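Descriptive structure summary
Single-letter residue listing:
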Amino acid sequence: EAQVTQNPRYLITVTGKKLTVTCSQNMNHEYMSWYRQDPGLGLRQIYYSMNVEVTDKGDVPEGYKVSRKEKRNFPLILESPSPNQTSLYFCASGSTPGTSGRSSYNEQFFGPGTRLTVL
Amino acid sequence: RKEVEQDPGPFNVPEGATVAFNCTYSNSASQSFFWYRQDCRKEPKLLMSVYSSGNEDGRFTAQLNRASQYISLLIRDSKLSDSATYLCVVNIQNAGGTSYGKLTFGQGTILTVHP
């Protein structure tokens, strides 16, 4: 089954304790991305990756790191989490947005989300 | 001004009604446009892409007005199952036609369809 998986789905942690949220896709997509979703602010892009070893900042990259050592995985790292990083996080993958073709080339497939609480 | 703006609603409509959502974007370099649907506490899923000529998928019609920089979604004959949040999404491409890869989401428009 084609899917994007994230782990953990729920996490409660304390300020300053490093954590990693994993994201994996089995659709051989070049493009992967991380978002956070907050009430009243909608979905905001944190980082994205156009391909292996190619990453770039989205709208809200501060306090986050990513890596793309292999095509299927795109972990999100919080080196020193703070309470303002409490949020719902989504990973997504797809073909590179805006490339030629119809909707199947542009669809982003989202993981089920990770609800993170930083105390 | 936000890059992508939507009326957050909520829109409360009876079954069978026609409802329309608008979305405006500020960056004229925007090249790809989408509508996503998000059910409560679930991940967003693509509803439809929006093409310059407008496109239709069953009860759903999407329109793009580049001159005015807005996108619309029309839902005809609303069903209870259409209740969700509808997200307008915009992607910017550079002059060479390749994507910056940065997707910008609107805040979403909440739709509730009641019996």
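Overview of the structure. (Residues numbered from 1 in each chain as written. Chains lettered and ligands numbered in written order. Predicted model: local features only at pLDDT ≥ 70, side-chain atom pairs only at ≥ 80, totals over all residues. Heavy atoms only, no water.)

**Description of the overall build of chain B**
The helix and strand tally for chain B stands at zero helices and 11 strands. Going from the N terminus to the C terminus, chain B shows its helices and strands as β-β-β-β-β-β-β-β-β-β-β. Its C-alpha radius of gyration of 14 Å places chain B within 12% of the 13 Å reference for a compact globule of 115 residues. Judged by the C-alpha coordinates and their principal axes, chain B covers about 50 × 30 × 25 Å. Looking at chain B as a whole, 49% of its 115 residues are labelled buried. (Helix = DSSP H or I, 4+ residues; strand = E, 2+ residues; numbered from the N terminus. Rg over C-alpha atoms; globule rule 2.2 N^0.38 Å. Buried < 20%, exposed > 50% of the residue type's maximum accessible area, 1.4 Å probe, protein only.)

**Observations concerning the state of the cysteines**
Scanning all chains against the criterion turns up two disulfides over all chains. The disulfide bridge from A:Cys23 ends at A:Cys91, spanning 1.8 Å between sulfur atoms. Disulfide A:Cys23-A:Cys91: the torsion about the S-S bond is -70°, which places it as left-handed. Taken together, the residues span a long stretch of sequence, with A:Cys23 in strand S3 (residues 19-25) and A:Cys91 in strand S9 (residues 87-94) at a distance of 68 residues. Here A:Cys23 matches A:Cys91 in class, with each residue buried. Disulfide pairing places B:Cys23 opposite B:Cys88 at an S-S distance of 2.0 Å. One disulfide, between B:Cys23 and B:Cys88, carries an S-S torsion of -75° and so falls in the left-handed class. Separated by 65 residues along the polypeptide, B:Cys23 in strand S3 (residues 19-25) and B:Cys88 in strand S9 (residues 84-93) bring together distant segments of the chain. On the accessibility criterion, B:Cys23 (0% relative accessible area) is buried. (Disulfide = S-S within 2.5 Å.)

**Observations regarding a nonpolar patch on the surface**
Residue and element names in this part refer to chain A. There is a patch of nonpolar side chains on the surface, built from Ile 12, Val 14 and Leu 119 and spanning about 320 Å² of accessible area. Relative to the assigned elements, Val 14 resides in the loop between strand S2 (10-13) and S3. Judged by relative accessible area, which is 44%, Val 14 ranks as partly exposed. (Patch = residues over 30% accessible without salt bridge, like charges linked within 9 Å, V, L, I, M, F, W, Y side chains within 5 Å. Areas by Shrake-Rupley, 256 points an atom, 1.4 Å probe, with all protein chains shown as cover. Salt bridge = Lys/Arg side-chain N within 4 Å of Asp/Glu carboxyl O.)

**Overview of unusual backbone geometry**
Residue and element names in this part refer to chain A. Here the bond from Asn 7 into Pro 8 is cis, since omega is 0°, no more than 30 degrees from zero. Within the secondary structure, Pro 8 sits in the loop between strand S1 (4-7) and S2. Positive phi outside glycine occurs at Asn 28, with the angle close to 60°. Inspection of the secondary structure puts Asn 28 in the loop between S3 and strand S4 (31-38).

**Digging into the pattern of salt bridges**
Oppositely charged side chains can pair when the atoms bearing their charge come close. Counted according to the given criterion, the structure contains nine salt bridges over all chains. As a salt-bridge pair, A:Arg44 and A:Asp38 come within 2.9 Å of each other at their nearest N and O atoms. The exposure class assigned to A:Asp38 is buried, which follows from its relative accessible area of 11%. Across the pair B:Asp82 and B:Arg59 runs a salt bridge whose closest N-O atoms are separated by 2.8 Å. Remark: B:Arg59 occurs in the loop between strand S6 (55-57) and strand S7 (60-65) and B:Asp82 occurs in the loop between strand S8 (70-75) and S9; sequence separation between them is 23 residues. Salt bridges here are not isolated pairs; linked through shared partners, they connect A:Lys18, A:Lys65 and A:Glu79.

**A look at the sheet that holds S3(B)**
All names here are of chain B. Pairing is antiparallel in the open sheet, where five strands are placed in the order S1-S3-S8-S7-S6. On the outer flanks of this sheet lie strand S1 (4-6) and S6, each paired with one strand and no other. Adjacent strand axes in the sheet meet at a mean angle of 20°, parallel and antiparallel pairs treated alike. Looking at chain direction, S1 and S3 are connected through three bridges and run antiparallel. Paired with Glu 5 across the bridge in S3 is Thr 24. (Pairing = 2+ DSSP bridges. Axes fitted to C-alpha atoms, helices over the stretch in contact; angles between N-to-C directions.)

**So, the sheet that holds S1(A)**
Residue and element names in this part refer to chain A. Read across the open sheet, the four strands follow the order S1-S3-S8-S7; overall the sheet is antiparallel. With partners counted over all chains shown, the strands left at the sheet margins are S1 and strand S7 (65-66), one partner each. Judged from the two bridges that link them, S7 and strand S8 (residues 76-78) form a sheet pairing that is antiparallel. Bridge pairing links Val 66 to Leu 76 in S8.

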